[in-house]
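Fold and geometry: a report
Chain by chain, the residues:
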Amino acid sequence: MFGIYAPGHEVARLAYFGLYALQHRGQESAGIATCEGGHITTMRDAGLVSQVFDEEKLKALEGDMAIGHVRYSTTGGGSWENAQPVWRDDGRELALAHNGNLTNAVELYNELRSNGIEFRGTSDSEIMAALLSSNDGRYIEDAVADVIPRLEGAYSTVAMTKHAIVAFRDPYGVRPLSLGRLGDRFVVASESCAFDIIGAELLREVHPGEMVSLSERGLEVRQVVRSDRPAFCVFENIYFSRPDSRMDGGVLQQVRGRMGEILHREAPVDADLVISVPDSGNPAANGFARASGIPQDDGLIKNRYVQRTFIQPGQELRKHGLRMKFNPLPEIVAGKRVVVVDDSIVRGNTTRQIVGMLRDAGAIEVHLRISAPAIRHPCHYGIDMSTPQEMIAHDRTVEEVAAELGCDSLGYLSLEGVYEAVGAERETHCDACFTGDYPLERTEAAGGKHALEELVAAPV
Ligand code: SF4
């Protein structure tokens with residue numbers, strides 16, 4: 001997610017490169033909306049940023065401000081209608097992009113429908129857009145202040161009207177949102193790596209429950225709701241965000257390196273070689289090797305043009321994606337006791353195949369070390385981890401998971417180890433996928449990824 005107010009700059013091009021840096025956050029679809037002379041133009045399509053946009057399309061997207069989005073689906077399927085930014089005009093014309101997941105989407109959808117509002121897609125982002133577009137507050141800032149208390153769940157959102165860009169974050173601050181500066185103009189993005197690529201400077205994170213407004217008046221800030229219990233997603237630190245992004249006050253490459261060091265302290269192993277599952281396991285493998293003194297090398301080579309498998313929906317695609325993805329090097333691993341470091345295991349398909357490939361390549365022992373606790377619970381706040389039944393650690397002990405994966409030993413980083421590496425407190429974070437403690441109220445009300453589609457398809 002990206003937003004920029006910068007008259008005189010090529011805003012669509014800046015949005016394109018911002019999204020290019022954020023591509024890891026979603027690969028199903030990409031879109032940019034710009035506003036020029038009071039007219040909003042939106043372009044979005046299925047595919048990667050570089051597939052959706054070309055020089056000609058960017059030139060057609062002129063304006064003083066732009067917002068953009070890369071998507072993988074949480075609420076609503078991956079269909080074209082659900083690509084973002086969404087555009088609506090129910091009284092106030094706007095475009096909107098959202099990262100997260102509303103847990104009261106079905107309730108709000110029903111209410112809006114009964115007020116005569118029609119929907120094109122089945123995403124919670126369109127619900128948010130409809131609420132803001134139909135709100136009779138004079139300015140978009142008033143509409144946002146009015147609508148935020150009605151939204152439940154996780155949302156980092158950017159919306160653009162003819163006059164301004166507003167960006168706001170739910171009172172828990174579950175998903176990230178950063179504020180930056182480009183010269184005398186301002187920019188927002190899900191992660192600070194989007195600022196680096198366009199030469200902008202990171203100012204700070206948008207606070208939970210805060211709204212920032214970018215317009216001709218410069219930057220305006222309003223704390224809309226007080227945040228009693230921040231719940232930043234700790235998984236952003238472990239896996240989801242790019243290692244060169246800054247969050248929770250640190251650059252994630254270093255945070256993940258510390259996770260690897262602590263992992264060695266907590267789950268040491270007698271071995272000859274440390275290898276990582278590239279690229280996600282690299283920083284933690286560095287840390288593990290540093291702390292253990294065991295030599296490190298690249299035993300698995302990744303085809304860098306295949307997208308990471310975690311994000312492609314559907315079991316079949318995931319399995320297929322994996323075979324294209326890694327190639328083990330017998331010259332490096334044969335005859336060795338190998339420690340394989342990765343950052344997380346969700347379903348275990350990838351990991352099981354990696355263990356098999358390394359044994360086939362001649363490794364005599366394969367010890368798995370994971371720089372996160374076991375994932376046993378679904379995420380209702382915007383990361384698609386699918387159902388508990390599909391998770392390999394659900395209802396299994398560590399020894400049972402190790403047996404399933406076919407490795408000689410398995411060690412996870414403890415939750416305490418995660419927070420030690422991040423340098424933060426549990427009380428200000430969400431770790432529900434590890435612990436089952438959901439910090440947001442009424443989380444169980446969430447109807448799942450396809451709740452709205454089921455509702456739309458149901459006979460009236
Ligand atoms: S459940 Fe896990 S992935 Fe979801 S917000 Fe909480 S920590 Fe992040």
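Residues numbered from 1 in each chain as written. Predicted model: local features only at pLDDT ≥ 70, side-chain atom pairs only at ≥ 80, totals over all residues.

Helix length check: helix α9 (residues 252-266) (15 residues) gives 21 Å between terminal C-alpha atoms against 21 Å at 1.5 Å per residue, within 8%. The buried fraction of α9 amounts to eleven of the 15 residues, a majority that puts the element mostly inside the structure. Among all positions in α9, only Leu 252, Val 255, Arg 256, Gly 257, Arg 258, Met 259, Gly 260, Glu 261, Ile 262, Leu 263 and His 264 are buried. (Helix = DSSP H or I, 4+ residues; strand = E, 2+ residues; numbered from the N terminus. Expected span 1.5 Å × (residues − 1). Buried ≥ 20, exposed ≤ 12 C-beta atoms within 10 Å, placed from the backbone.)

Every residue close to the ligand is listed here: Val 174, Cys 233, Val 234, Phe 235, Cys 379, Tyr 381, Ile 383, Cys 430, Asp 431, Ala 432 and Cys 433. Every element with two or more residues in the shell around the ligand is listed here: α8 (234-240) and α16 (432-435). Grouping the constituent residues of the shell around the ligand by class yields ten nonpolar, no polar and one charged. (Near = placed C-beta within 6 Å. Nonpolar A, V, L, I, M, F, W, Y, C, P; charged D, E, K, R; others polar.)

Counting through the fold element by element, Ser 386 comes out in the loop between β21 (365-370) and α14 (398-405). Residue Ser 386 is classed as partly exposed on the basis of its C-beta count, with 17 C-beta atoms lying within 10 Å. The sequence separation of Ser 386 and Val 346 amounts to 40 residues, and the corresponding C-alpha distance is 9.0 Å.

Right, let's talk about the nonpolar core for a bit. In this structure, Ile 4, Ala 15, Leu 132, Met 160 and Val 340 are the most contacted members of the largest nonpolar core, which totals 137 residues. No other element matches the seven residues that helix α1 (residues 11-21) contributes to this core. When residues of this core are assigned to domains, at least three map to each of domain 1 (2-231) and domain 2 (252-435). Excluding residues within four positions of it along the chain, Ile 4 makes contact with Val 11, Leu 14, Ala 15, Met 65, Ala 66 and Val 187. (Core = buried A, V, L, I, M, F, W, Y, C linked by C-beta atoms within 7 Å. Domains from an automatic or database assignment. Contact = placed C-beta atoms within 7 Å.)

With that out of the way, let us pick up the sheet that holds strand β22 (residues 409-412). In space, the four strands of this open sheet follow the order β17-β20-β21-β22, with parallel pairing throughout. Lying at the two open borders of the sheet, with one neighbouring strand each, are β17 (273-276) and β22. Averaged over all pairs of adjacent strands, the angle between their axes in this sheet comes to 20°, without regard to strand direction. Sitting on the sheet, helix α10 (residues 282-292) touches β17, β20 (337-342) and β21, and the angle it makes with β17 is about 165°. (Pairing = 2+ DSSP bridges. Axes fitted to C-alpha atoms, helices over the stretch in contact; angles between N-to-C directions.)

Once that is clear, we can look at the environment of Gly 68. Inspection of the secondary structure assignment puts Gly 68 in strand β4 (residues 65-71). C-beta crowding within 10 Å serves as the criterion here: with 35 such atoms nearby, Gly 68 is assigned to the buried category. Sequence separation of Gly 68 and Thr 122 is 54 residues, and the distance between their C-alpha atoms is 19 Å. Setting aside chain neighbours within four positions, we find Gly 68 in contact with Phe 2, Ala 15, Gly 18, Leu 19, Gly 31, Ile 32 and Ala 97.

On to unusual backbone geometry. Omega for the bond connecting Gln 84 with Pro 85 falls within 30 degrees of zero, at 5°, which places this linkage in the cis form. The topology assignment puts Pro 85 in the loop between β4 and β5 (86-89). At the junction of Pro 278 and Asp 279, the peptide bond is cis and its omega measures out at -10° in the coordinates. A positive phi is found at Asp 395, a non-glycine position, where the angle reads about 60°. One can find Asp 395 in the loop between β21 and α14. By the C-beta count within 10 Å, which is 10 here, Asp 395 ends up exposed.

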